[in-house]
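Close look at the chain arrangement
So the chains spell out like this:
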Amino acid sequence: MTNPLTLDIHNLRLSFKHWSGTTKVLHGIDLCVAPGERVALVGESGSGKSVTSRIVLGTMQDVRSARINGKIAFEGRDLSSMTAAERRALRGRDISMIFQDPTSALNPVFRIGELFHEVLQRRDRQITMEEARRRAAELLKEVSIEDAERVLDSYSFQLSGGLNQRVMIAMALINEPRLLLADEPGTALDVTVQAQTLALMRDLTDRLGTSVLFISHNLGVVREFADRIYVIYRGNIVERGPTAAIFDSPEHPYTKALLSAIPRLTGGGLPEIEEHSPAFSDPLVTHGDTHQTHGKDH
């Protein structure tokens, strides 16, 4: 018997109720991540990437105006049928997330060591602060933080953006989750630190066998990290396939536009991405045949 997919999303729809009516944001997203696989969800800001990851994490369900439909399965378990308490039990233990802005995501009231202790209690309620600090220090060294004790005694606002990003990666992986949601990690960092951060994350997830859903607008970064790519445009998956196939033979005009917008060392202006659908709230038909993925049209 084969292992179930780590993440299996089928026909995911999201809309928001407001005073003037309803705004549809996701139009039936289908997406899957196999055990140990790194999958990227790529698109412009506002395309629906981050809300998809937050629905998987279970934080969008608390938004009263949100209307969520569809099926999300984690290792064969239907997340949508779980209680709020059951979803909370998964967060930080089996499913972790790296947020785009670590400085604002890390609670500034508590020291880094206290935050690690709280995360580790997700898996072991009896763990002591001393044991939590020891384990955190070991993992901080793995993400190239040599002065781990100083960092553990610091508040997030006392650390640089690069250090906070490494802290968040370590914090997300310290419980050895089976699924990591990474929402544009390193976007606010300079190019060199960003490359180092992603390399560290790739090495750690490989060693732990963690599946990754990587959210990004940067196809240049995705090319070095992801096994497969889903391209999202205005709440629709318009193309999917192995990373090499997407780069070598993109099919949808939007994917081609994204690829042409990757900055080149030769300079020159970036092309504008033309509109490919009449309105955000209208469903968009996928262009042509999608690339085959794991023998499953997903």
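Residues numbered from 1 in each chain as written. Predicted model: local features only at pLDDT ≥ 70, side-chain atom pairs only at ≥ 80, totals over all residues. Heavy atoms only, no water.

What follows deals with the overall build of the protein. Looking only at helices and strands, the protein has 11 helices and 10 strands in total. Partitioning the contacts of the protein with sequence separation of at least 6, the portion at a separation of at least 24 is 70%. Carbon and sulfur atoms form 49% of the exposed surface of the protein, whose accessible area is close to 14300 Å². (Helix = DSSP H or I, 4+ residues; strand = E, 2+ residues; numbered from the N terminus. Contact = heavy atoms within 4.5 Å. Areas by Shrake-Rupley, 256 points an atom, 1.4 Å probe, with all protein chains shown as cover.)

Another aspect to go through is the pattern of salt bridges. Inspection of every chain in the model, using the stated rule, returns 14 salt bridges. The salt bridge involving Arg 133 is made with Glu 149; its shortest N-O contact spans 2.6 Å. On the criterion of sequence distance, the pair formed by Arg 133 in helix H5 (residues 129-142) and Glu 149 in helix H6 (residues 148-152) is long-range, its members being 16 residues apart. (Salt bridge = Lys/Arg side-chain N within 4 Å of Asp/Glu carboxyl O.)

Bringing the sheet that holds strand E1 (residues 7-18) into the picture now. Within the open sheet, the four strands sit side by side as E2-E1-E4-E5. Their pairing is antiparallel. Pairing within the sheet leaves two strands with one partner each, and these edge strands are strand E2 (21-33) and strand E5 (77-78). Bridge count between E1 and E2: 10 bridges; the pairing is antiparallel. Of the residues in E2, the one forming a bridge with Asp 8 is Cys 32. Helix-sheet contacts for helix H1 (residues 49-57) involve E1, E2 and strand E4 (66-74), and the interaxial angle to E1 is about 110°. (Pairing = 2+ DSSP bridges. Axes fitted to C-alpha atoms, helices over the stretch in contact; angles between N-to-C directions.)

Reading fine detail from the predicted coordinates is not recommended where pLDDT is low. Averaged over every residue, the pLDDT of the protein is 83; the share at 70 or more is 84%. Taken together, the stretch residues 277-290 has pLDDT below 50 and engages in 35 contacts with residues farther than four places along the chain or on a different chain. pLDDT under 50 marks residues 292-298. Its contacts with residues more than four places away, or in other chains, come to 19 contacts. (pLDDT = per-residue confidence, 0-100.)

Moving on: the nonpolar core. Within the largest apolar cluster, 52 residues are counted, with the highest numbers of intra-cluster contacts made by Ile 112, Phe 116, Leu 140, Val 167, Met 201, Phe 214 and Ile 229. Sort the elements by how many residues they give to this core and helix H7 (residues 161-173) lands first, with eight residues. Not counting the four nearest positions on each side in its chain, Phe 116 is found in contact with Ala 136, Leu 140, Leu 152, Val 167, Ala 170, Met 171 and Ile 174. (Core = buried A, V, L, I, M, F, W, Y, C linked by side-chain atoms within 4.5 Å. Buried < 20%, exposed > 50% of the residue type's maximum accessible area, 1.4 Å probe, protein only.)

Before going further, it helps to spend a moment on the sheet that holds strand E3 (residues 38-42). In space, the six strands of this open sheet follow the order E6-E7-E8-E3-E9-E10, with mixed pairing throughout. Across the chains shown, the open sheet's two edge strands, defined by having one partner strand only, are strand E6 (95-98) and strand E10 (236-242). Each adjacent strand pair in this sheet contributes to an overall mean axis angle of 15°, direction not counted. Contacts from H1 reach E3, E6, strand E7 (179-183), strand E8 (211-216) and strand E9 (228-233), with the element oriented near 150° to E7. Lying on the sheet, H7 is in contact with E6 and E7; it crosses E6 at an angle near 175°.

Its 14 residues place the ends of H5 20 Å apart at the C-alpha level, agreeing with the 20 Å of an ideal helix rising 1.5 Å per residue. Inspection of H5 places Ala 132, Arg 133, Ala 136, Ala 137, Leu 139 and Leu 140 among the buried residues, and these make up the whole buried set. Backbone geometry just downstream of H5 places Ser 144 in the positive-phi region, at approximately 65°. (Expected span 1.5 Å × (residues − 1).)

Let us now look at the packing of helix H4 (residues 112-120) against H5. Relative to each other, H4 and H5 sit at 105°, their axes nearing to 9 Å. Considering the angle they form, H4 stands roughly perpendicular to H5. Across the interface between the two elements, Gly 113, Glu 114, Phe 116, His 117 and Leu 120 from H4 touch Met 129, Ala 132, Arg 135, Ala 136 and Leu 140 from H5. Class assignment of the residues belonging to the contact of H4 with H5 gives a composition of six nonpolar, two polar and two charged. (Parallel < 35°, antiparallel > 145°, perpendicular 65-115°, else oblique. Nonpolar A, V, L, I, M, F, W, Y, C, P; charged D, E, K, R; others polar.)

Attention now goes to the packing of aromatic side chains. Inspection of the entire model under this criterion finds three aromatic pairs. Centre to centre, the rings of Tyr 155 and Phe 157 are 5.4 Å apart; their planes meet at 5°, and the pair counts as stacked. Given the relative accessible area of 22%, Tyr 155 is considered partly exposed. Under the relative-accessibility criterion, Phe 157 is labelled exposed at 55%. One residue, Arg 38, lies across the ring of Phe 225, its end atom 5.0 Å from the ring centre. (Phe/Tyr/Trp six-rings, centres within 6.5 Å; stacked < 30°, edge-to-face > 60°. Lys NZ or Arg CZ within 6 Å of the ring centre and 35° of its normal.)

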